[in-house]
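Descriptive structure summary
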Amino acid sequence: MRVCMIESAASRQRAGRCYIAGMDPTTPRTSDDDTVPAAVSATVADSAPPAAPPAKSRYDRSIVEGPLVPAVWKLAWPTMLQNVIGGLQGIVDHVMVGRYVGYTGNAAIGVSWQIFLVVVVFISSLFTGMSVLVARFAGAGDHEKVNRTVHQAFLTAFVLSLGVLAPIGYVLAPSLLTLVNATPEVTAEALPYLRIMFVFSWGLLIFFMLGGALRSAGDAQTPLKLGIVATAANLVLNVILIRGLGPIPAFGTTGAAMGTVIAMCGIGFYAIWALYRGRWVVAFPRDSRLRPDWSIIRALFRFGLPTGVQGIAMNVGGVFLLAYVGSLAQSAAAQAAYTVAYTQLFSLITWTAVGLMGAAAAMAGQNLGADKPERAAQAVEAAGGIAASGAAVVGVPFLLMPRQLLSIFGMAEPEVVELGVQLLRVLSLSGIFIAVALTFTGGLQGTGDTRSPLFISIVSQVVIPLGMCFILNRMGTLDAIDIWLAILIGHMTRCVLSVVRFRQGRWREIAVDIGG
């Protein structure tokens, strides 16, 4: 079929020059009834407009082109800030519950989150699989596969949260609290809190899913904005629901759970609307339907499940390590020092390192998708350098002014302060190793190698530190400094193994595809 094409205002006067759509108009062609002379083709070529410039990519091409360090930092700093804001929100929750409910309320929140996070970390591992796929397809500029992946990850998260996590969590909540030896007083406060978190977990899961998808596609600022809105809403709701306001009664510990799920479900509803409207760099396909695409779901589990097992193993390892802290002669002082120095202050290093971990994953995955493996390797190395420098800077106060840092948390007892000073000085060095380890873990996971970090974490975070504590405890010589050094050796081991594994370069051969 012939299509008459009017090329420009000047060529409108040359009627009757017809071409088959999709063919080069400058190429002479012969049909059964006519022949186009070469001279006429040349005339048409002269009158043709210049070729249109290539369409602008919807993805940030600075990730796969241009300077590395600015690209890494552009992805990392919003996640760092979001982690800090989220951490401060948790502290504020504990302060408010402690003031209006008492220490049993704080204990209830701590126990509930310990249980809830183990389950949610495992389910959220699917989002690691999603991030692997999204980063690879975004690097290749294949927005159709990016959007298909995001849509299937959303459906999977929604089904798991409402169909599995909500009913099973609600029924098993009392048994889970019994499993962690919660006292009757704590159980009374924790049970409604935990059930609310389980039943309305879909909002939190969608928030995690969306943040991972946007960051993997190169947009780290939208998750930050959503996180700020969610945090602000959560704080306002907690002020109202924990202590009560006007006709609204005081819900106490339960109010903290209500504030969290209302804020997260609100973000979840907005995210669904925005994804359907195509407001962001990732979106739902226009022809999306509520049916599973098993090729994508299999890929989500293939890349995501090792991360879920890794998270559970590390949480279990942390629980056993804390048990060894509690077995010391000065257990109360050691637990207090561990809680403040390791759980609170050390988070200043891990928050920034996790941001760089996400940046390394996105940089590695997108550059591998763009067929630039060398740039992927260089990006992870650059992120590792930034992580080491940042951890060293944050570790300086740990080394030089540990007593002043502990005093901020009201620690004045000599025994607690001495143990805290020991731990902070060990962590000033340990932070450098774990920051680099997390960054290279992100590099491995971003390329699709999620199994290596699993085995590395089991060896370095479970086998080595717990093995050391077990042997010394059986010998009757276990002391607090031995546990602190076990943490350091575990972090050093994880750093070395992660760097060596990444530099072996076997991740270059990992294929990622979900079919047409």
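Heads up: the structure comes first, above all this text.
All values derive from a computational prediction rather than experimental measurement.

Next up on the list: the overall build of the protein. Of the regular secondary structure elements, the protein holds 16 helices and two strands. Counting only residues that meet the buried cut, the protein has 49% of its 516 residues in that class. Taking the intrachain contacts of the protein between residues at least 6 apart in sequence as the baseline, contacts between residues at least 24 apart amount to 80%. Entry remark: accessible area of the protein is about 23,800 Å², with carbon and sulfur atoms responsible for 65%.

This brings us to a nonpolar patch on the surface. Side chains of Val164, Ile168, Tyr170, Val171 and Leu172 sit close together on the surface and give an oily, nonpolar patch of about 440 Å² of accessible area. Tracing the backbone through its elements, the reader meets Tyr170 in helix H4 (residues 143-179).

A word on the pattern of salt bridges. Enumeration over the complete set of coordinates arrives at eight salt bridges. We note a salt bridge from Glu144 to Arg148, for which the minimum N-O separation is 3.6 Å. Residue Glu144 and its partner Arg148 are both found in helix H4; the two are separated by four residues, about one turn of the helix. Using a relative accessible area of 12% as the deciding quantity, one classes Arg148 as buried. For Lys145, the salt bridge identified is with Asp513, shortest N-O distance 2.8 Å. Of this pair, Lys145 sits in helix H4 while Asp513 sits in the segment after helix H16 (480-504), and the two are 368 residues apart along the sequence. Take Lys145: its relative accessible area is 16%, and that puts it in the buried class. Three or more residues are tied together by salt bridges with common partners; here these are Glu144, Arg148 and Asp293.

Once that is clear, we can look at the packing of aromatic side chains. Given two aromatic rings, one states the distance between the centres and the angle between the planes to describe the pair. Taken as a whole and assessed by the stated rule, the structure comprises 15 aromatic pairs. Measuring from centroid to centroid gives 6.3 Å for Phe207 and Phe208, while their planes differ by 50°, and the two rings are tilted. Assessed through its relative accessible area of 35%, Phe208 is described here as partly exposed. By the ring-pair criterion, three or more aromatic residues cluster together here, those being Phe154, Phe158, Trp202, Phe269, Tyr276 and Phe284. Here the guanidinium or amino end of Arg195 rests over the ring plane of Tyr170, the centre of that ring lying 4.2 Å away.

Since the α-helix advances by 3.6 residues per turn, residues separated by three or four positions end up pointing in the same direction. The first and last C-alpha atoms of helix H15 (residues 451-475) sit 35 Å apart over 25 residues, in line with the 36 Å expected at 1.5 Å per residue. For H15, the principal kink sits at Val463 and spans about 30°; a proline, Pro465, occurs within the next four residues. Restricting attention to buried positions, one finds in H15 the residues Ser452, Pro453, Leu454, Ile456, Ser457, Ser460, Gln461, Val462, Pro465, Leu466 and Cys469. Check the buried side of H15 and you find it contacts helix H9 (294-326), helix H14 (414-447) and H16.

Below, the discussion takes up the packing of H14 against H16. Their axes nearest at 8 Å, the elements H14 and H16 cross at an angle of 20°. Looking at the two axes, H14 sits roughly parallel to H16. The chirality of how H14 crosses H16 is left-handed. In terms of residue class, the contact of H14 with H16 is built from 22 nonpolar, six polar and two charged.

Let's shift gears to the environment of Met96. Mapped onto the secondary structure, Met96 falls in helix H2 (residues 68-100). When its relative accessible area of 12% is taken as the criterion, Met96 is described as buried. Spatially, the C-alpha atom of Met96 lies 9.0 Å from that of Ala256, the residues being 160 residues apart in sequence. Beyond its immediate sequence surroundings of up to four residues, Met96 is in contact with Asn238, Val239 and Ile242.

With that settled, the discussion passes to the nonpolar core. Core analysis: the biggest nonpolar cluster contains 142 residues, and Val282, Ile483 and Trp484 have the highest contact counts within it. Beyond its immediate stretch of four places on either side in the chain, Trp484 contacts Val325, Ala334, Tyr338, Leu419, Gln422, Leu423 and Val426.

This brings us to the side chain of Asn234. Note that Asn234 resides in helix H7 (residues 221-243). Looking at Asn234, the relative accessible area reads 1%, which means it is buried. With residues near it in sequence (within four places) discarded, Asn234 still touches Gln89, Asp93, Gly259, Thr260 and Ala263.

The next point concerns the side chain of Ser498. Mapping Ser498 onto the fold places it in helix H16. Contacts of Ser498, omitting those with residues within four sequence positions, involve Ala437, Phe440, Thr441, Leu444 and Ile456.

Attention shifts here to H7. For H7, built from 23 residues, the straight-helix expectation of 33 Å at 1.5 Å per residue is met to within 8% by its first-to-last C-alpha distance of 33 Å. Buried within H7 we find Thr222, Pro223, Leu224, Leu226, Gly227, Ala230, Thr231, Asn234, Asn238, Leu241 and Ile242. Among the residues trailing H7, Gly244 stands out with phi positive, at a value near 90°.

Cut-offs applied
- Residues numbered from 1 in each chain as written.
- Predicted model: local features only at pLDDT ≥ 70, side-chain atom pairs only at ≥ 80, totals over all residues.
- Heavy atoms only, no water.
- Helix = DSSP H or I, 4+ residues; strand = E, 2+ residues; numbered from the N terminus.
- Buried < 20%, exposed > 50% of the residue type's maximum accessible area, 1.4 Å probe, protein only.
- Contact = heavy atoms within 4.5 Å.
- Areas by Shrake-Rupley, 256 points an atom, 1.4 Å probe, with all protein chains shown as cover.
- Patch = residues over 30% accessible without salt bridge, like charges linked within 9 Å, V, L, I, M, F, W, Y side chains within 5 Å.
- Salt bridge = Lys/Arg side-chain N within 4 Å of Asp/Glu carboxyl O.
- Phe/Tyr/Trp six-rings, centres within 6.5 Å; stacked < 30°, edge-to-face > 60°.
- Lys NZ or Arg CZ within 6 Å of the ring centre and 35° of its normal.
- Expected span 1.5 Å × (residues − 1).
- Bend = angle between axes of the 7 residues up to and from the residue.
- Axes fitted to C-alpha atoms, helices over the stretch in contact; angles between N-to-C directions.
- Parallel < 35°, antiparallel > 145°, perpendicular 65-115°, else oblique.
- Left-handed = near helix turned anticlockwise from the far one by under 90°.
- Nonpolar A, V, L, I, M, F, W, Y, C, P; charged D, E, K, R; others polar.
- Core = buried A, V, L, I, M, F, W, Y, C linked by side-chain atoms within 4.5 Å.

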